[in-house]
Amino acid sequence: MIRKNTKLFLVICAWLVLGIGYNLYAGQPSSREYLVKGAFLYNFAKFVSWPEDALGDDQMHITLCVLGKNPFGDALAAIEGRAVENRKVVIKHCATLDELGKCQILFISRSEERNVSEILAKVKDWNTLTVSDMEGFAQRGGVINFMTVEKKIHFEINPDAAERTGLKISSKLLRLAKIVKDRETGPEH
Amino acid sequence: MIDRSHIPVGRKSPSIGRCFWGAALGTLLLSVAAGVCWAGARDTEPQLPADLTELSLEDLMNIEITSVAKKTQKLSKAAAAIFVITQEDIRRSGVTSIPEALRMVPGLEVARIDANKWAITSRGFNGRFANKLLVLIDGRSVYTPLFSGVYWDVKDTLLEDIDRIEVIRGPGAALWGANAVNGVINIITKTAKDTPGGLVTAGAGTEERGFGSVRYGGNLGQDTYYRVYAKYFDRDNAVFASGEDAADGWDVLRAGFRMDLEGSGPDSLTLQGDLYDGETGETILTKSLNPNAPPTLDEENDISGANLLGRWKRTVSNTSEIALQVYYDRTERNSVILDQIHDTLDIDFQHLLALGGRHEIVWGVGYRFISDDITNTFYGSWDPDSRDDDLFSGFVQDDITLVKDRVYLTLGSKFEHNDYTGFEIQPNARLMWTPQEGHSIWAAISRAVRTPSRTEEGGRLNNTVLPPGSLLPLFPGYGVVSLFGDGNYESEELLAYELGYRVQPMDQFSVDIAAFFNNYSNLRTLEPGNPFLEVSPSPAHLVFPFTADNKMDGETYGVEVAAGWRPLDWWDLKATYTYLQIQLDLGRDSGDPLSLSAEGESPHHQVSLRSSMDMTRDLALDWWVRYVDDLPSQDVGSYFMLDVRLGWKLHGNVELSVVGQNLLDDRHPEFEPELIDTIATQIERSVYGKVTWHF
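Cut-offs used in this document
- Residues numbered from 1 in each chain as written.
- Chains lettered and ligands numbered in written order.
- Predicted model: local features only at pLDDT ≥ 70, side-chain atom pairs only at ≥ 80, totals over all residues.
- Heavy atoms only, no water.
- Helix = DSSP H or I, 4+ residues; strand = E, 2+ residues; numbered from the N terminus.
- Rg over C-alpha atoms; globule rule 2.2 N^0.38 Å.
- Contact = heavy atoms within 4.5 Å.
- Areas by Shrake-Rupley, 256 points an atom, 1.4 Å probe, with all protein chains shown as cover.
- Buried < 20%, exposed > 50% of the residue type's maximum accessible area, 1.4 Å probe, protein only.
- Arc of directions from axis to C-beta.
- Patch = residues over 30% accessible without salt bridge, like charges linked within 9 Å, V, L, I, M, F, W, Y side chains within 5 Å.
- Salt bridge = Lys/Arg side-chain N within 4 Å of Asp/Glu carboxyl O.
- Expected span 1.5 Å × (residues − 1).
- Core = buried A, V, L, I, M, F, W, Y, C linked by side-chain atoms within 4.5 Å.
- Polar contact = N/O pair within 3.5 Å; in protein donor to acceptor, adjacent residues only side chain to side chain.
- Pairing = 2+ DSSP bridges.
- pLDDT = per-residue confidence, 0-100.
- Right-handed = clockwise from strand over helix to strand, strands pointing away.

Caption draft 1: Summary view of the overall build of chain B. Per the secondary structure count, chain B includes five helices and 36 strands. Taken over C-alpha atoms, the radius of gyration comes to 25 Å for chain B, in line with the 26 Å a tight globule of 695 residues would show. Principal-axis analysis of the C-alpha atoms places the extent of chain B at approximately 85 × 55 × 45 Å. Contacts in chain B between residues at least 24 apart in sequence constitute 66% of all its contacts with a sequence separation of at least 6.

Pasting the structure below:
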């Protein structure tokens, strides 16, 4: 039996050496995180309904604005122009709050963490789905916040915030989310 | 302990037979070594799908976002038969223990022996000491060193803290080492970062006499998280076949902590530990040479233990990560059959590295030291009664991308040296083909061994005592049927061939099918020897020895199906089906009268159907129907069973639930144990209520 094992051992050593021997170049880093978050944003658009009058004059577009320093790189190119119930996704980048116009989805970059209250106050009547990935965003009144759980991306939703903005979030999305409440003002009931 | 002066009606008389010697100890070997919990099966898929927008939300939530080297892997891409029980599955099923949760898994057999004992195996050969299944809690092996099985009564934690239970059917030996023959169960708890705030649960019911738990978690500084918990339960006796109350109630108090340092830097640290202490009741058939001894004995076993585990991981670069894990475990059990103390120290090092775009290599080395101390009795004795063993192991595995996003090959092997059989090598090869997104086909060939247990090498169990007169005219006094270990006992060997197919034609529907053919050799037999006279202990008695040997071969094959369907947004259905056949062949020179009975100790068919409905945002209704085929070698008939749970969220932070379990029958038997004559009891219909408060 020992002889049999030794033979197997040699075979395995051989493929290891041959297998590793070639192709020795460094692996490429990737912004996996934001590629995946971009795909989530596209999915959110499918599971949120906006009031009729919030979808702009032509009803043909869903505008996704990224406010602040763009963490996505080119990742959002993958969803630009994609259709959500016949409406095409349009991407807009805004460096500052002043540049911000009406959008159905607003992703607030971490660079704007200090201005969150101001931003949320500004868009409060726009029927905007606010999304970010900073700690406590949803508790501060944002609608959806990404978080990393065991290296995977999960998200929390503040249903009260969604209701205040006039958005309807599908139960499927709610079920997958961690539900959070407003922190300071407290739950409504 | 209280003596009991009658044998419950309906129990078939014990014989050497059921003794199947589940056996024996051992174990040290176990090894497992490298199974650090952060790697499920490491068949990894390093690239993201080309078009992420095609993925469902669930799939997106399943993607690892850390660097190539750091990432573990998406289980759905693994070239192995994998099933994952999530925290949500555990919560909504209403189960109150880890063994009961395992009933969800296709390919596993979960049968209750009495209120606190289970027989659990993967793909056949079930028993209280089923020895072909490896169980890990957060990377710590809980395979029992004395009998090569698992003491399920102490395998527990706060169920709310479990992140998931990954179950791999089929050999996991190439990574986890000897004894991961038919399957590996990985119980993985949440990091402390994911359990902030407080949790209080409390409840009671007909079988759950009372239970409660408290957990609190928070921050210590910016990147350090902690939680502490304590839980207690007190469970009722089951009933004998006669309907009479048994003496197998149990209670366990357990407390533990976990700390995680997860900064933005390259290092992460985990430190965790548990302590437990409890009592389990059972009724055993007395083995005694005293004519006045009662035929059965009710006893309370003291069970206690502690463990401490530390794990350090460092991301060396974007393509390289190292991990070092050290743990210590003490298990202590005191019963009329034996007192035992086991100390285990385990050290594992592991290195994960990506080489080029094609290779992802993981290799590691491990060392384990096991020390035991046994108090021998007439029921069981071990020579020596205290022993230290070393286990050295190493493994290497390469995940090779043959065609990007389409074809992956995994080659790997474990190399081990144990004190019983010396050097063991356990290689496997796995191929994964994804012809298009949503379809994948995999195949695997593996070799695994089950190394001898301590009992198989040097133990003795007195299985049956024949009263004076029963051996006349051969001998006037007592006869004792004894099972002996043997120093020449070898490892059992398996060559496994597996094939699988996964398909997800749409978001709402998925099917996972796995088929296998297992070819075993050197399986354990018990060979009868010549009777001999033994004078100690007195009175003199005639011993009928059965000695452990390896004279059986066997084949098993089967199919396991897991399907998920979400017909409506608020309704989830999960079904599994398991088919299994076992065919065993005794060697020509074997005189073993009993080992073939394993053919009839596993059900041919098992079905499970679970439904989860969100009736409203606050009201959830779940039901779970199971069918288990009969066990022809035992007097256990087929049965259907139903559990129902109704959960109601009050205020969002408080949840009330009512759970009915085993509702279709007043009581039913599930399994008769081997080796030690604990009297099997029957599982009763039960109801409990529970309050869960998060703050």
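Caption draft 2: Seen up close, the overall build of chain A. Secondary structure assignment for chain A yields five helices and ten strands. If you sum the accessible surface of chain A, you get close to 9,700 Å²; carbon and sulfur atoms cover 54% of it.

Caption draft 3: Summary view of helix 3 (residues 116-123) of chain A. Among the residues of helix 3 of chain A, those classed as buried are V116(A), I119(A), L120(A) and V123(A). One side of helix 3 of chain A holds all its buried residues, which, seen down the axis, span an arc of 95 degrees.

Caption draft 4: Fine view of a nonpolar patch on the surface. A cluster of nonpolar side chains, M615(B), L619(B), L646(B), W648(B), V658(B) and V687(B), forms an exposed patch at the surface whose accessible area comes to about 510 Å². Within the secondary structure, L646(B) is located in strand 32 (residues 639-650).

Caption draft 5: Structural detail: helix 2 (residues 32-47) of chain A. Taking 1.5 Å of rise per residue, the 16 residues of helix 2 of chain A would be expected to cover 22 Å, and the 23 Å separating its terminal C-alpha atoms lies within 8% of that figure. In terms of burial, helix 2 of chain A is largely enclosed, as 13 of its 16 residues are buried.

Caption draft 6: Looking closely at the nonpolar core. Counting residues in each nonpolar core, the largest one holds 57 residues, and the members touching the most others are L102(B), F147(B), W152(B), I165(B) and I185(B). Setting aside residues no more than four positions away along its own chain, W152(B) makes contact with I98(B), P99(B), L102(B), W118(B), I120(B), L133(B), V135(B) and I185(B). Ranked by size, the runner-up nonpolar core spans 47 residues in total, among them V131(A), I144(A), A161(A) and I63(B).

Caption draft 7: Up close: the side chain of T130(A). Residue and element names in this part refer to chain A. Secondary-structure assignment places T130 in strand 6 (residues 129-132). The buried category is assigned to T130, whose relative accessible area is 3%. Here V143 takes part through its backbone nitrogen, which lies 3.0 Å from a polar atom of the side chain of T130. Filtering out sequence-adjacent residues up to four positions away, T130 remains in contact with L106, L120, V123, F137, G142, V143 and I144.

Caption draft 8: Fine view of the pattern of salt bridges. Residues and elements named next belong to chain A. Tallied over the full model, the rule gives 59 salt bridges over all chains. The partner of R110 in a salt bridge is E33, and the shortest N-O contact between them spans 3.8 Å. One end of the pair, R110, is in the loop between strand 5 (105-108) and helix 3; the other, E33, is in helix 2, with 77 residues separating them in the sequence. Judged by relative accessible area, which is 23%, E33 ranks as partly exposed. The residue D133 makes a salt bridge to K37 at a minimum N-O spacing of 3.0 Å. Placement of the pair is D133 in the loop between strand 6 and strand 7 (144-149) and K37 in helix 2, with a sequence separation of 96 residues.

Caption draft 9: Seen up close, the pairing of strand 28 (residues 541-568) of chain B. Residue and element names in this part refer to chain B. The sheet contact formed by strand 24 (residues 478-484) and strand 28 spans seven bridges and is parallel. Its bridge partner being in strand 28, L483 is matched across the sheet by F546. Where strand 26 (residues 509-528) meets strand 28, 17 bridges bridge the pair, whose relative direction is antiparallel. Of the residues in strand 28, the one forming a bridge with A514 is E560. Where strand 27 (residues 532-534) meets strand 28, three bridges bridge the pair, whose relative direction is antiparallel. Considered in strand 28, the bridge of E534 is made with H541. Counting the residues between successive antiparallel strands, the hairpin from strand 27 to strand 28 contains six residues. Relative to strand 29 (residues 571-586), strand 28 runs antiparallel, the two being bridged by 15 bridges. Residue pairing across strands places A562 opposite T576, the latter belonging to strand 29.

Caption draft 10: Looking closely at the side chain of T576(B). Note on placement: T576(B) falls in strand 29. The exposure class of T576(B) is buried, given its relative accessible area of 9%.

Caption draft 11: Focus on the confidence of the model for chain B. On average, chain B scores 87 in pLDDT, and the residues at 70 or more come to 91%. Here residues 1-46 of chain B is modelled with pLDDT under 50, and outside its nearest four sequence neighbours on either side it reaches 231 contacts, counting other chains as well.

Caption draft 12: Quick peek at unusual backbone geometry. Going from D383(B) to P384(B), the amide bond is cis rather than trans, its omega being 0 degrees. One can find P384(B) in the loop between strand 18 (380-382) and strand 19 (386-403). The residue after S538(B), namely P539(B), is reached through a cis peptide bond having omega 0 degrees. Here P539(B) lies in the loop between strand 27 and strand 28. Phi is positive for N86(A), which is not a glycine, with a value near 70 degrees. Checked against the element boundaries, N86(A) lands in the loop between strand 3 (83-84) and strand 4 (87-94). Phi angles above zero are rare outside glycine, and N662(B) is one such case at about 55 degrees. Within the secondary structure, N662(B) sits in the loop between strand 33 (654-661) and strand 34 (667-668).

Caption draft 13: Layout of the pairing of strand 5 of chain A. Residue and element names in this part refer to chain A. Residues of strand 5 alternate between two faces, with I105 and F107 on one and L106 and I108 on the opposite face, all of them buried. Of the pairings in the sheet, the one linking strand 2 (residues 61-67) to strand 5 comprises four bridges and is parallel in character. Bridge assignment links V66 to a residue of strand 5, and that residue is F107. Two elements, strand 5 and strand 6, share four bridges in a ladder whose sense is parallel. Directly across from L106, in strand 6, lies its bridge partner T130. In this region the chain leaves strand 5, passes through helix 3 and returns to the parallel neighbour strand 6; the handedness of that crossover is right-handed.

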